[in-house]
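Listed here are the chains, written in short residue letters.
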Amino acid sequence: MDRIHVCYAIYDKKGTFSKYTGSSMTSLLENTDSPVTLHLLHDATLTEDNREKFEALAAKYGKEILFYDMETLCGEVLSGILEILPDAIVTRFSQAALYRLLAGIVLPQSVHKLIYLDADTIVHMDIARLWNEAVGENGLAAIDEITATHGDPAPQPLVETGEVPRERYFNSGVMLIDLDKWRENPEFLTNGLKMLTEHPQCFCFDQDILNYAFADRYRKLSGDYDVFVSTDRRLGNAIRSAIYHYAGNAMDPFDTSDNHNRLYAEYFTKSPWCSPDFVMKLFDEMHKASDDSRVRARDFFSVAAGKRRVFCGSKVMWEQVNKCFAPKDGEEYKVIIDEEGNLAVHPLVNMMKENQGGLFVFFTDMYDRLKPHFKQAGFEEMRDYVDGFQLMKEQEGGRKLWGGDLFDEL
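Residues numbered from 1 in each chain as written. Predicted model: local features only at pLDDT ≥ 70, side-chain atom pairs only at ≥ 80, totals over all residues. Heavy atoms only, no water.

(A) Molecular detail of the overall build of the chain. For the chain, the helix and strand inventory stands at 19 helices and 14 strands. Of all 410 residues assigned to the chain, the portion counted as buried reaches 48%. Counting contacts in the chain only where the partners sit at least 6 residues apart, residues at least 24 apart contribute 73% of the total. Here the chain has roughly 20,300 Å² of accessible surface; of this, 50% comes from carbon and sulfur atoms. Averaging the positions of the 45 positive and the 66 negative side-chain charges in the chain gives two centres separated by 5 Å. (Helix = DSSP H or I, 4+ residues; strand = E, 2+ residues; numbered from the N terminus. Buried < 20%, exposed > 50% of the residue type's maximum accessible area, 1.4 Å probe, protein only. Contact = heavy atoms within 4.5 Å. Areas by Shrake-Rupley, 256 points an atom, 1.4 Å probe, with all protein chains shown as cover. Lys, Arg positive; Asp, Glu negative; His and termini not counted. Charge placed at Lys NZ, Arg CZ, Asp CG, Glu CD.)

(B) Quick look at the side chain of Ser18. By secondary structure assignment, the location of Ser18 is in helix H1 (residues 18–30). With relative accessibility at 0%, the residue Ser18 sits in the buried group. Polar side-chain contacts of Ser18 include one of 3.4 Å to the side chain of Asn50. For Ser18, the residues in contact, after removing those within four places along its chain, are Ile10, Asp12, Leu46, Asn50, Phe54 and Trp273. (Polar contact = N/O pair within 3.5 Å; in protein donor to acceptor, adjacent residues only side chain to side chain.)

(C) Here's a closer look at the packing of helix H11 (residues 187–198) against helix H12 (residues 205–214). The geometry of H11 relative to H12 is characterised by a closest axis approach of 9 Å and an angle of 115° between their N-to-C directions. Crossing of H11 against H12: the hand is right-handed. Residues Phe188, Leu189, Asn191, Gly192, Leu193, Met195 and Leu196 of H11 form the contact with H12, whose own contacting residues are Phe205, Asp208, Ile209, Leu210, Tyr212, Ala213 and Phe214. Of the residues that constitute the contact of H11 with H12, the class distribution is 11 nonpolar, 2 polar and 1 charged. (Axes fitted to C-alpha atoms, helices over the stretch in contact; angles between N-to-C directions. Left-handed = near helix turned anticlockwise from the far one by under 90°. Nonpolar A, V, L, I, M, F, W, Y, C, P; charged D, E, K, R; others polar.)

(D) Region of interest: the pattern of salt bridges. Within this structure, the stated rule accounts for 23 salt bridges. Salt-bridge contacts for Arg166 lead to Glu160; the nearest nitrogen and oxygen are separated by 2.8 Å. Across the salt bridge formed by Asp180 and Arg183, the nearest N and O atoms sit 3.3 Å from each other. Highlighted residues: Asp180 and Arg183, both in helix H10 (residues 179–183), separated by 3 residues, approximately one helical turn. Several salt bridges share partner residues, and in doing so they unite Arg100, Asp118 and Asp206 into one network. (Salt bridge = Lys/Arg side-chain N within 4 Å of Asp/Glu carboxyl O.)

(E) Layout of the side chain of Asn138. Secondary-structure assignment places Asn138 in the loop between helix H7 (128–131) and strand E6 (140–144). Given the relative accessible area of 8%, Asn138 is considered buried. Polar contacts involving the side chain of Asn138 include one to the main-chain amide nitrogen of Leu140, which spans 3.2 Å. Contacts of Asn138, omitting those with residues within four sequence positions, involve Lys181, Phe214, Arg217 and Tyr218.

(F) Inspection of helix H15 (residues 276–304) at higher detail. Here H15 is 29 residues long and its end C-alpha atoms lie 42 Å apart, about the 42 Å a rise of 1.5 Å per residue gives. Considering only its buried residues, H15 is in contact with H1, helix H14 (259–268), strand E13 (359–363), strand E14 (385–387) and helix H19 (404–409). Among the residues trailing H15, Gly306 stands out with phi positive, at a value near 80°. (Expected span 1.5 Å × (residues − 1).)

(G) A look at the pairing of strand E12 (residues 332–337). Taken together, the 5 bridges between strand E11 (residues 309–314) and E12 define a ladder with parallel strand orientation. When the sheet's bridge partners are listed, Ser314 is paired in E12 with Ile337. Chirality of the crossover, the property in question, places the unit of E11, helix H16 (residues 318–325) and E12 among those that are right-handed. (Pairing = 2+ DSSP bridges. Right-handed = clockwise from strand over helix to strand, strands pointing away.)

(H) Fine view of the sheet that holds E13. A sheet is described by the order of its strands in space; here 4 strands give the open sequence E12-E11-E13-E14, paired in parallel fashion. Single-partner strands in this sheet number two, and they are E12 and E14. In this sheet, neighbouring strand axes are inclined to one another by 25° on average, regardless of whether the strands run parallel or antiparallel. The sheet contacts of helix H18 (residues 367–376) involve E13 and E14, and relative to E14 the element is tilted by about 165°.

(I) Looking closely at the packing of H1 against helix H2 (residues 48–60). Relative to each other, H1 and H2 sit at 5°, their axes nearing to 11 Å. By the angle between their directions, the pair H1 and H2 is classed as roughly parallel. Note on element contacts: H2 touches H1 through Asn50, Phe54, Leu57 and Ala58, opposite Ser18, Thr21, Gly22, Met25, Thr26 and Leu29. Its residues placed into classes, the contact of H1 with H2 shows 5 nonpolar, 5 polar and no charged. (Parallel < 35°, antiparallel > 145°, perpendicular 65-115°, else oblique.)

(J) Inspection of the environment of Arg369 at higher detail. Within the secondary structure, Arg369 is located in helix H18. Among the residues examined, Arg369 registers a relative accessible area of 61% and is labelled exposed. Sequence spacing of Arg369 and Val345 is 24 residues, and the spatial spacing of their C-alpha atoms is 10.0 Å.

This is the structure in structure tokens:
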């Protein structure tokens, strides 16, 4: 049986990111009987505890895992890249995204073929299916973003400038690679770095380098190999045999009714990162969050006491606001959003100035964009105005609680 080689890259500054890679590895190993070697490209941020967990995970399934300290193996190359791209360590994508570009250098020459997976993937299928696919004539197979997003891709500067046709721009989170062909083309990294210096609007550094080099002749794969969870959720699709990509913080443990979140939990709970310590820390953080909410409620109660509330929102929100807050005599509801969804900022600020001493309670998705204007006018949040949606339950139309940040920190 052919040995399957799978590569991940990790940068774990807080020591809490490894659980994502571990969850992806767990899902992969749960669903295949094929011999697998896992290749983990890392740096000094990989803690000894997390390394031991990765080793225990591979041993549990009788698989092999190899570690590559990129700072030791490719220190000079990485320093050169970061000199050219200093922003690579301050964008929402970590510098580990660059490590995959060096896989052909650090992996043994005996590894001729490779699957690369982002850490935020869940392999809910036998990885052998992807392994047995053909690569393109240039040594790469991937999923184009038009397919992955069902026609709604993120901004793509290389497409807008005409460097890459829109229908050819691919997502680099799941790739099948002929490493021998990559090794025959070592200049793709140098050429890509030069391109980025000429296109400062590019922000997906590694993905844009790969598209610049390989978009022309890569082989397009079925969308089931890179299912964007946010898109799949929007379409209401059922869980199926596929590789799910939780890009853009698509995993939300607070949304317990969502099948995509449940799928993620299924594999995370089978990983070494779901431990008694993790569960107790989770409860501890939830206890702190509960205490914080009590303090905020107490502060709001103190501020609101004796103040006349002025409720502000769209016409359609009035009924729900009336039901939830039961305005008293003398308290008003101001319609500040017209039927087209427009909101005039300056008249709103002037209206607030004319009603000094009132507490303005806003029900609008534009709340965060209004705050700088309020601050400039001398108003203070929680003293003069509040976000009304945060005072409502989700079932009542309040803001949806998102648990991604909490999960990140554990």
